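Structural description and commentary
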Amino acid sequence: MIRVFENSRELARGAAEHFVALAPTTVALSGGSTPKILYQLLADQFQAEVSWSKIQFFWSDERHVPPDHPDSNFRMAHEALLSRVPVPESNVHRVHSENPSAQEAADEYEKVIVPRLDLILLGLGADGHTASIFPGSDVLHETKRLVAAPWVEKLNTYRITMTLPLLNNGASILFLVSGAEKAQIVKEVLEGPKKYPAQFVQPTDGELIWMLDRDAARNLNRR
Ligand code: 6PG
């Protein structure tokens, strides 16, 4: 399913309404900049409609930095949402990405993760990556591990990421993509041949929803 919204704020509203309607008990938050507006909206305008104490929060991926680092996906979600809603700290399961070994952090995370998440939020990189599954990475072919720590050559760093077996076991997978700079990759991912990591996200028993703003959707043939 593809839904197109007027702008990034309406996109965030659509995602927030989906979140409230779904009432997930386990959620994987995505990183990057796109979801920040959603997180802020959930805290500001939808707080009363969510049973926060019933939700366990995870991350679809994390940078190999401490939780207080500017690049941390945990830090962004904590500032925009989790520090502003009544979710018990014990419900927030961040990746221990301060561990000097990304692999150890991934191994540890695999022990706390739930295998079937009610809601998984994902973004789309201009190169077609999602979570921290980048083009050409071995993690694209992982069939057993639920969490991995791939080396990302183009970023010269390790990442910790949910793998396709875990992502594709999700009940509701929601891609949020906004901005004209994503229009080309959105077209290639949604209408082109299967070659980008984001195209390998195909839930085996769940729904896949793409929420785009008009700028990101502008190159699509079909709406
Ligand atoms: C990350 C994200 C990554 C992100 C895309 C889009 O850790 O950066 O998980 O997959 O979703 O890169 O990022 P933007 O929303 O910043 O464009």
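Residues numbered from 1 in each chain as written. Predicted model: local features only at pLDDT ≥ 70, side-chain atom pairs only at ≥ 80, totals over all residues. Heavy atoms only, no water.

1. Quick notes on the packing of aromatic side chains
Summed over all chains, the structure comprises six aromatic pairs. With a centroid separation of 3.9 Å and an interplanar angle of 0°, the aromatic rings of Phe175 and Trp210 are classed as stacked. You can see Phe175 sitting in strand 9 (residues 172-177) and its partner Trp210 sitting in strand 10 (residues 207-213), a full 35 residues away along the chain. Residue classification places Phe175 among the buried positions, given a relative accessible area of 0%. One aromatic cluster in this structure is built from Phe19, Trp52 and Phe57. Over the face of the ring belonging to Phe74 we find Arg94, whose NZ or CZ atom lies 5.8 Å from the ring centre. (Phe/Tyr/Trp six-rings, centres within 6.5 Å; stacked < 30°, edge-to-face > 60°. Helix = DSSP H or I, 4+ residues; strand = E, 2+ residues; numbered from the N terminus. Buried < 20%, exposed > 50% of the residue type's maximum accessible area, 1.4 Å probe, protein only. Lys NZ or Arg CZ within 6 Å of the ring centre and 35° of its normal.)

2. Quick notes on the nonpolar core
Judged by nonpolar contacts, the single largest core of 73 residues is most densely connected at Leu29, Leu38, Tyr39, Trp52, Phe57, Trp210 and Leu212. Broken down by element, this core gets its largest block of residues, six residues, from helix 3 (residues 73-82). Not counting chain neighbours up to four residues away, the residues in contact with Trp52 comprise Leu42, Gln47, Phe57, Leu81, Val85, Pro86, Val87, Pro88 and Asn91. (Core = buried A, V, L, I, M, F, W, Y, C linked by side-chain atoms within 4.5 Å. Contact = heavy atoms within 4.5 Å.)

3. What to know about the sheet that holds strand 10
Pairing is parallel in the open sheet, where six strands are placed in the order 1-10-9-5-2-3. What marks the edges here is a single partner per strand, and that holds for strand 1 (2-5) and strand 3 (56-59). The average angle at which neighbouring strand axes cross in this sheet is 20°, direction not considered. Across four bridges, strand 2 (residues 26-29) lies against strand 3 in parallel orientation. Bridging from a neighbouring strand, Thr26 pairs with Gln56 of strand 3. (Pairing = 2+ DSSP bridges. Axes fitted to C-alpha atoms, helices over the stretch in contact; angles between N-to-C directions.)

4. A word on the layout of surface pockets
Of the volumes computed, that of the largest pocket is approximately 350 Å³. Taken together, 24 residues form the lining of the largest pocket, with Gly31, Gly32, Arg63, Gly125 and His129 sitting closest to its centre. (1 Å grid on protein atoms, 1.4 Å probe; cavity = no way out; pocket = protein on both sides within 12 Å on 5 of 7 lines; lining within 4 Å. Points joined across faces, edges and corners; volume = space filled by probe spheres on them.)

5. Focus on empty space enclosed by the protein
Enumeration over the complete set of coordinates arrives at one cavity of 30 Å³ or more. Taken as a whole, the largest cavity spans an internal volume of roughly 40 Å³. Those elements giving two or more residues to the lining of the largest cavity turn out to be helix 1 (8-22) and helix 2 (35-44). Residue classes in the lining of the largest cavity are distributed as six nonpolar, two polar and no charged. (Nonpolar A, V, L, I, M, F, W, Y, C, P; charged D, E, K, R; others polar.)

6. Side note on the environment of Asp44
Mapped onto the elements of the fold, Asp44 is located in helix 2. For Asp44, a relative accessible area of 48% corresponds to the partly exposed category. Separated by 163 residues in the primary sequence, Asp44 and Glu207 place their C-alpha atoms 27 Å from one another.

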